[in-house]
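Read off the chains here:
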Amino acid sequence: MSVTSTALIVALISAAVSLATALGVERSRRRSSVALAQFEDELARRREAEGKKSQADRLVSRYRDPLLLSAFDLQSRLYNILRPGGFIGRRHPEYMQLNTLFLVAQFFAWLEILRLDMQFLDLGEIEETALLSQRLSRVTDIFASTSRYQDDFYIYRGEQRAMGELLVITRAVATEQSRLECMGYAGFVGHYDNPAFAAWFERFRLAIATLPSSRADRLRDIQNALIDLIEFLDPSTTRFVGSRERIVRSATSN
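Within each chain, residue numbers correspond to sequence positions counted from 1 in written order. Thresholds applied to this predicted model are a pLDDT of at least 70 for local features of residues and 80 or more for the giving and counting of side-chain atom pairs; totals over whole chains, interfaces and linings are not thresholded and use all residues. Hydrogens are left out, water is left out, and the side-chain values use all remaining heavy atoms of the structure.

A.B. asks: What exactly am I supposed to notice about the overall build of the protein chain here?
C.D. replies: Strands here mean DSSP runs of E at least two residues long; helices mean DSSP runs of H or I at least four residues long; both are numbered from the N terminus. When its secondary structure is counted, the protein chain shows eight helices and two strands. Start at the N end of the protein chain and walk to the C end: the helices and strands fall as α-α-α-α-β-β-α-α-α-α. Throughout this description, buried means an accessible area under 20% of the type-specific maximum (1.4 Å probe, protein chains only), exposed means over 50%, and partly exposed covers the range between. Per-residue burial over the protein chain gives 38% buried out of 254 residues. Sequence separation of at least 24 residues holds for 72% of the intrachain contacts in the protein chain that already meet a minimum separation of 6. When the accessible surface of the protein chain is summed, it comes to about 15000 Å², and 55% of that surface belongs to carbon and sulfur atoms. Residue contacts follow a heavy-atom distance rule, with two residues in contact if any of their heavy atoms lie within 4.5 Å. For every accessible area listed, the method is Shrake-Rupley and the probe measures 1.4 Å; residues are considered covered only by the protein chains on display.

A.B. asks: Can you walk me through the environment of Leu82 in this structure?
C.D. replies: Looking at the secondary structure, you find Leu82 in helix α1 (residues 3-82). A residue is classified by how much of its surface remains accessible, and Leu82, at 15% relative accessible area, is buried. In sequence terms Leu82 and Gln223 are 141 residues apart; their C-alpha atoms lie 9.6 Å from each other. Discounting residues that sit within four places of it in the chain, Leu82 has contacts with Ala216, Leu219, Arg220 and Ile247.

A.B. asks: So what exactly am I meant to see when it comes to the packing of aromatic side chains here?
C.D. replies: Pairing of aromatic rings covers Phe, Tyr and Trp, the last counted by its six-membered ring, and requires centre-to-centre distances within 6.5 Å; plane angles under 30 degrees mean stacked, over 60 mean edge-to-face, and any other angle means tilted. Taken as a whole and assessed by the stated rule, the structure comprises 14 aromatic pairs. Both rings, one in Phe108 and one in Phe143, keep their centres 5.2 Å apart while their planes meet at 65 degrees; by these two values the pair is edge-to-face. Placement of Phe108 in helix α2 (residues 93-118) and of Phe143 in helix α3 (residues 127-144) is noted, with a sequence separation of 35 residues between them. Comparing Phe108 with Phe143, the two get one shared label, buried. On the numbers, 6.2 Å between centres and 50 degrees between planes, the contact of Tyr192 with Phe201 is tilted. A residue is classified by how much of its surface remains accessible, and Phe201, at 0% relative accessible area, is buried.

A.B. asks: Explain the pattern of salt bridges to me, please; I cannot follow it from the model alone.
C.D. replies: Any two side chains of opposite charge can pair, given that their charged atoms come close. Each reported salt bridge corresponds to a side-chain nitrogen of Lys or Arg within 4 Å of a carboxyl oxygen of Asp or Glu. The tally for this structure, following the rule as stated, stands at 14 salt bridges. Two residues, Asp151 and Arg218, come together in a salt bridge whose shortest N-O distance is 2.9 Å. One end of the pair, Asp151, is in the loop between α3 and α4 (157-167); the other, Arg218, is in helix α8 (residues 217-233), with 67 residues separating them in the sequence. Just as Asp151 is buried, Arg218 falls in that class too. By sharing partners, the salt bridges in this structure join Glu112, Arg115 and Arg161 into a single network.

A.B. asks: Explanation requested: the nonpolar core in the structure shown.
C.D. replies: A general trend in soluble globular proteins is that nonpolar side chains are found buried together. We call a set of buried Ala, Val, Leu, Ile, Met, Phe, Trp, Tyr and Cys residues a nonpolar core when their side-chain atoms join them within 4.5 Å. The biggest cluster of nonpolar side chains holds 56 residues, and the ones touching the most others in it are Leu67, Phe107, Phe143, Leu167, Phe188 and Phe201. Looking at this core, the elements with two or more residues in it are α1, α2, α3, α4, α6 (195-198), α7 (202-208) and α8. Sorting elements by how many residues they give to this core places α2 first, with 14 residues. Contacts of Phe188, omitting those with residues within four sequence positions, involve Leu98, Leu101, Phe102, Leu167, Met183, Phe197 and Phe201.

A.B. asks: So what exactly am I meant to see when it comes to the side chain of Glu181 here?
C.D. replies: Among the secondary structure elements, Glu181 is positioned in strand β2 (residues 179-182). A polar atom in the side chain of Glu181 sits 2.5 Å from the side chain of Arg171. What qualifies as a polar contact is a pair of N or O atoms within 3.5 Å, subject to a donor-acceptor requirement within protein and to the restriction that residues adjacent in sequence count only when both atoms come from side chains. A polar contact is formed between the side chain of Glu181 and the side chain of Arg179, at a distance of 2.7 Å. Ignoring any residue separated from it by four or fewer positions in sequence, one finds Glu181 in contact with Trp110, Ile113, Leu167, Val168, Ile169 and Arg171.

Here it is in structure tokens:
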């Protein structure tokens, strides 16, 4: 083999090696770029998830106490009405009816405030807010049902929101410009003189007036669902130490 042929072969081999090396480097660079992009995407997803978890924690923390208190007040009233020999307002039926209406509307008001605060937050997949939503929905579903229960204690979903909206007020505070709260009982009674206000509550008030003679399976189930909510919000009984006894449905109830 001539010197020229040998040199040509060496040059071709060198070129092939250089090309293979270059291709290998390019493949490694592309793999590194893909891996880096995947890592950055995963990091961004983790940061977004952590941000949503932090938002969810703040949201639940902000409304834990008012939701807990309103749920406890309502379940306590239902328990006292439904227990044997319970409170039916014989001496002051108007107070019993109006105060019970207020406790129902107060619960719906805090749900409305929570809904307003959550409407622009994408927190549906966060476990704590998902569980909270499930327990709240359980209460509102029982109130709204017109197929499972044969009584007049139903409140349609739109009526639930309207009752809540009527009790939401804006209060100025020192540390913030303003915040949404629920009006107190005195304010509720004062507004009840307005026929347009009272009309939202009248059907349910008339149903309350039929107790204890009316069948109250729905109210029992609502009281139990409220206890479930309370136990979720305060599982260790550190925020509220009141009784959490449930009204048990009778064996003849459907």
